[in-house]
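One letter stands for each residue in the lines below.
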Amino acid sequence: MKKIFYAIFIYLIGISSAFSLDKIKIVTPAPAPSLFDIFARVFAKEMSDDNTTYYIEHKPGASGDIALNQILLDEKNNIPSIYFGGTAPFTINRITNDIKLNELDFQIVTPVLDSPWHLVSHIEFDQLKNEPRLLAGTNGNVSEMQIKILSKYLNKQIEIIPYKTNGEVVSALLRKEVHISILGNVSSNLTDNGVKVIGTSFKSNNYFDLSTIIPDFKYFKAQIGFIVTLKNKQYADTLEKKIRESLSKPEINKLLEQYSLVASDKNKTEIHNELTIIRSEEHTSELQSHLNLVCRLLLEKK
């Protein structure tokens with residue numbers, strides 16, 4: 001009996017101390033000085049106190065799968081760690097680079113930041129229809145479907161030029177091989193060389209809000225946040241509280257504005273409810289990313 005009580009005691013101590021160490025690792029899926037790295041450092045500084053220090057480790061590649069897998073490995077080795085980056089990889093089960101991920105292994109913390117998609121071009125939005133042969137550079141299935149949705153609303157054929165990487169799309173824009181593209185992040189390399197952001201998928205900074213004329217674009221947002229392993233889900237509430245407190249600071253909001261980000265509204269349910277309806281129809285059993293699914297259903301519904 002004493003052995004049983006002792007085993008239970010050790011187990012409870014282990015749970016309670018899961019994140020009680022003086023150092024907690026934040027794993028990001030992109031290197032410095034990426035957007036994820038910049039804000040991981042910002043939040044690490046905000047969350048650190050006299051008892052706990054947060055530090056950064058970069059695990060880029062495989063659309064975030066490597067970073068997510070790292071926090072699973074850390075859990076097995078009793079190393080306190082959390083993931084910070086795009087939350088899209090968490091939404092499906094898949095195997096990439098010999099890494100098998102299952103969403104049931106993770107607990108997502110309420111998304112912290114929303115990042116809009118950017119429509120970039122050499123020409124103004126109201127002149128797109130007048131271009132005799134409108135060429136769009138894409139990188140992957142999602143960006144192709146986004147362009148197709150844009151084509152429907154413009155009532156104009158857009159010729160899609162596929163590229164393997166986002167870098168190749170940027171190079172094509174700079175060389176003026178294509179007129180437009182839809183990008184998650186826009187570097188100064190583009191804007192300093194004549195490529196303009198002519199609209200974003202939702203209201204952001206002083207850019208034109210494309211969702212005012214293309215309602216479906218309001219669904220196009222990249223959510224950035226923290227993910228913890230299921231074993232450490234009890235830490236999610238504490239983590240969220242610390243993040244929400246930091247988001248109320250003027251200097252943080254100024255930085256968000258600088259990078260065209262907005263703080264996620266955890267109480268805003270309008271878009272969530274509409275997406276739930278869309279996901280409840282068909283294709284929901286297929287293994288595809290959240291945005292991939294949404295784009296495909298939106299195209300089919302029109």
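Our focus in this paragraph is the overall build of the protein chain. Helix and strand counts for the protein chain come out as 10 helices and 14 strands. For the protein chain, buried positions account for 45% of its 302 residues. Contacts spanning at least 24 positions in sequence make up 73% of the contacts within the protein chain whose residues lie at least 6 apart. Summing over all exposed atoms, the protein chain offers an accessible surface of approximately 16100 Å²; the carbon and sulfur share of this is 52%.

The next subject is the environment of Ser246. Here Ser246 is to be found in helix H7 (residues 236-247). Ser246 gets classed as buried once you look at its relative accessible area, which sits at 2%. Along the chain, Ser246 and Met47 lie 199 residues apart, while their C-alpha atoms are 8.0 Å from each other. Excluding anything up to four places from it in sequence, Ser246 contacts Phe43, Glu46 and Ile252.

Moving on to the layout of surface pockets. A volume near 400 Å³ is recorded for the second largest pocket. Taken together, 19 residues form the lining of the second largest pocket, with Asn185, Val186, Ser187, Gln258 and Tyr259 sitting closest to its centre. If you list the elements that add at least two residues to the lining of the second largest pocket, you get helix H2 (35-47) and helix H6 (188-191). Tallied by class, the residues present in the lining of the second largest pocket amount to 8 nonpolar, 11 polar and no charged.

The next point concerns the confidence of the model for the protein chain. For the protein chain, the average pLDDT comes to 77, and 75% of its residues sit at 70 or higher. A low-confidence stretch, residues 4-19 (pLDDT under 50), is modelled with 10 contacts involving residues beyond four sequence positions or located in other chains.

Among the structural elements, Ser143 can be located in helix H4 (residues 141-154). Excluding anything up to four places from it in sequence, Ser143 contacts Thr138 and Ile182.

Another aspect to go through is the nonpolar core. In terms of nonpolar packing, the biggest core is built from 28 residues, with Ile26, Phe39, Phe43, Leu113 and Phe226 touching the most fellow members. For this core, the secondary structure elements donating two or more residues are strand S1 (23-28), H2, strand S2 (53-58), strand S3 (81-86), strand S13 (221-229), H7 and helix H8 (250-258). Considering each element in turn, this core owes the most residues, 7 residues, to H2. For Phe43, the contacting residues outside a window of four places in its chain are Phe84, Val112, Leu113, Phe226, Ile243, Ser246 and Leu247. Counting residues in hydrophobic clusters, the runner-up holds 25 residues, among them Leu128, Ile158, Ile180 and Val294.

About the cut-offs
Residues numbered from 1 in each chain as written. Predicted model: local features only at pLDDT ≥ 70, side-chain atom pairs only at ≥ 80, totals over all residues. Heavy atoms only, no water. Helix = DSSP H or I, 4+ residues; strand = E, 2+ residues; numbered from the N terminus. Buried < 20%, exposed > 50% of the residue type's maximum accessible area, 1.4 Å probe, protein only. Contact = heavy atoms within 4.5 Å. Areas by Shrake-Rupley, 256 points an atom, 1.4 Å probe, with all protein chains shown as cover. 1 Å grid on protein atoms, 1.4 Å probe; cavity = no way out; pocket = protein on both sides within 12 Å on 5 of 7 lines; lining within 4 Å. Points joined across faces, edges and corners; volume = space filled by probe spheres on them. Nonpolar A, V, L, I, M, F, W, Y, C, P; charged D, E, K, R; others polar. pLDDT = per-residue confidence, 0-100. Core = buried A, V, L, I, M, F, W, Y, C linked by side-chain atoms within 4.5 Å.

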